[in-house]
Amino acid sequence: MTTFFADLDNTLIYSHRREIGNDKLPVEWLHDREQSYMTRKSHDFFMNVRQLSVVPLTSRTMEQYGRLAGIADSFGWEYALICNGGILLKNGEICREWLDETYRMTSDSAAEFERACKLISAENDAVHLTEKIMVYASFDEPQRVESILKENLDSKLVSVFSDHRKVYCVPKKINKGIAVQRFREMGLADGITIAAGDGEQDVPMLENVDIPIVPDALYEKITNSGKRLADNSQVFSDGISDILKEIS
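Source: prediction; values computed, not measured.

Caption draft 1: Representation of the pattern of salt bridges. Scanning the model with the defined rule gives 18 salt bridges in all. Close ionic contact of Arg228 with Glu246 constitutes a salt bridge, the shortest N to O distance being 3.0 Å. Placement of Arg228 in strand E15 (residues 228-229) and of Glu246 in helix H10 (residues 236-247) is noted, with a sequence separation of 18 residues between them. Exposure remark for Arg228: the relative accessible area of 27% places this residue in the partly exposed category. Glu246 gets classed as exposed once you look at its relative accessible area, which sits at 56%.

See below:
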């Protein structure tokens with residue numbers, strides 16, 4: 001069975017603010033409003049694909065991922081790695097063994113992570129803290145706040161990154177590449193491993209699989225010799241679907 005690690009936002013699903021054409025299906029709702037979509041082509045591919053174990057690997061929190069429970073159930077996604085890989089879900093439930101190991105791995109960065117929480121709170125008191133392993137907040141000027149954090153925090157202990165309006169901080173040992181390695185070590189990924197992602201925080205994941213699928217913007221940054229470039233004429237998720245169909 002081939003395992004496919006998939007970033008979600010702007011890789012498989014797209015915000016209502018993003019134009020992806022009219023042939024799309026809503027997959028996420030917030031306060032009864034349509035929040036995110038998949039293209040019909042991608043939706044149909046993942047609904048019908050066989051011999052491919054899809055593992056979402058996302059910065060989304062438990063609550064945010066929970067809003068996608070409908071497609072996770074429909075597509076048969078048994079596992080998900082959330083909070084940048086710090087938490088493993090099985091059928092929507094937290095795997096305590098995984099989380100306990102996350103705490104052990106990140107104990108040396110606890111003090112620096114607490115400093116990060118205070119720095120973010122100084123810029124925006126509406127801070128979201130998840131299981132003491134990921135903190136984020138939304139900003140009108142995310143690049144400015146990201147720069148402040150990077151200038152004042154020890155990059156050997158914590159990682160800072162932004163995604164559109166949100167700025168995140170996680171312990172250094174919580175990244176998507178390490179999550180892939182841990183998932184393998186638990187015996188949960190057999191055969192060929194594939195991954196797709198669109199952002200800088202996805203690079204460790206893309207470097208740690210057999211076949212990374214990337215958009216043009218990331219292609220030169222990936223050293224993995226197995227990398228595949230998605231068709232730029234399509235929405236990224238549709239290009240991913242074509243490559244997965246070809247491989248499978």
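Don't stop here, the text continues.
Caption draft 2: Summary view of the pairing of strand E5 (residues 52-56). In terms of burial, E5 is a largely internal element, four of the five residues being buried. In terms of strand pairing, strand E1 (residues 2-6) meets E5 through five bridges, oriented parallel. Looking across to E5, one finds that Thr2 is bridged to Leu52.

Caption draft 3: Focus on the packing of helix H5 (residues 110-123) against helix H6 (residues 142-152). Across the interface, H5 lies against H6 with an axial gap of 11 Å and an inter-helix angle of 145°. Relative to H6, the crossing made by H5 is right-handed. Where H5 approaches H6, its residues Glu112, Arg115, Ala116, Leu119, Ile120 and Glu123 are matched on the opposing element by Arg144, Val145, Ile148, Leu149 and Asn152. Partitioned by chemical class, the residues of the contact of H5 with H6 number six nonpolar, one polar and four charged.

The rules behind each value
- Residue numbers here run from 1 along each chain, matching the order of that chain's written sequence.
- This being a predicted model, a pLDDT of at least 70 is required before a residue's local features are given, and a value of 80 or more before pairs of side-chain atoms are given or counted; all residues contribute to the totals for chains, interfaces and linings.
- Heavy atoms from the whole structure form the basis of all side-chain values; hydrogens and water molecules are not counted.
- Salt bridge, as applied in this entry: a Lys or Arg side-chain nitrogen positioned within 4 Å of an Asp or Glu carboxyl oxygen.
- Helix and strand definitions follow DSSP, with helices as H or I runs of at least four residues and strands as E runs of at least two, each counted in order from the N terminus.
- Relative accessibility decides the category of a residue: with a 1.4 Å probe and only protein chains considered, values under 20% of the type maximum give buried, values over 50% give exposed, and everything between is partly exposed.
- What makes two strands pair is DSSP finding at least two bridges between them.
- Every angle, taken between N-to-C directions, lies between 0 and 180 degrees, and every axis is a line fitted to C-alpha atoms, over only the stretch in contact when it is a helix.
- A clockwise turn of the near helix away from the far one marks a right-handed crossing, whereas an anticlockwise turn of less than a right angle marks a left-handed crossing.
- Pairs of residues are marked as contacts when any of their non-hydrogen atoms sit within 4.5 Å.
- Lys, Arg, Asp and Glu make up the charged group, whereas Ala, Val, Leu, Ile, Met, Phe, Trp, Tyr, Cys and Pro make up the nonpolar group; the residues left over, Gly among them, are polar.

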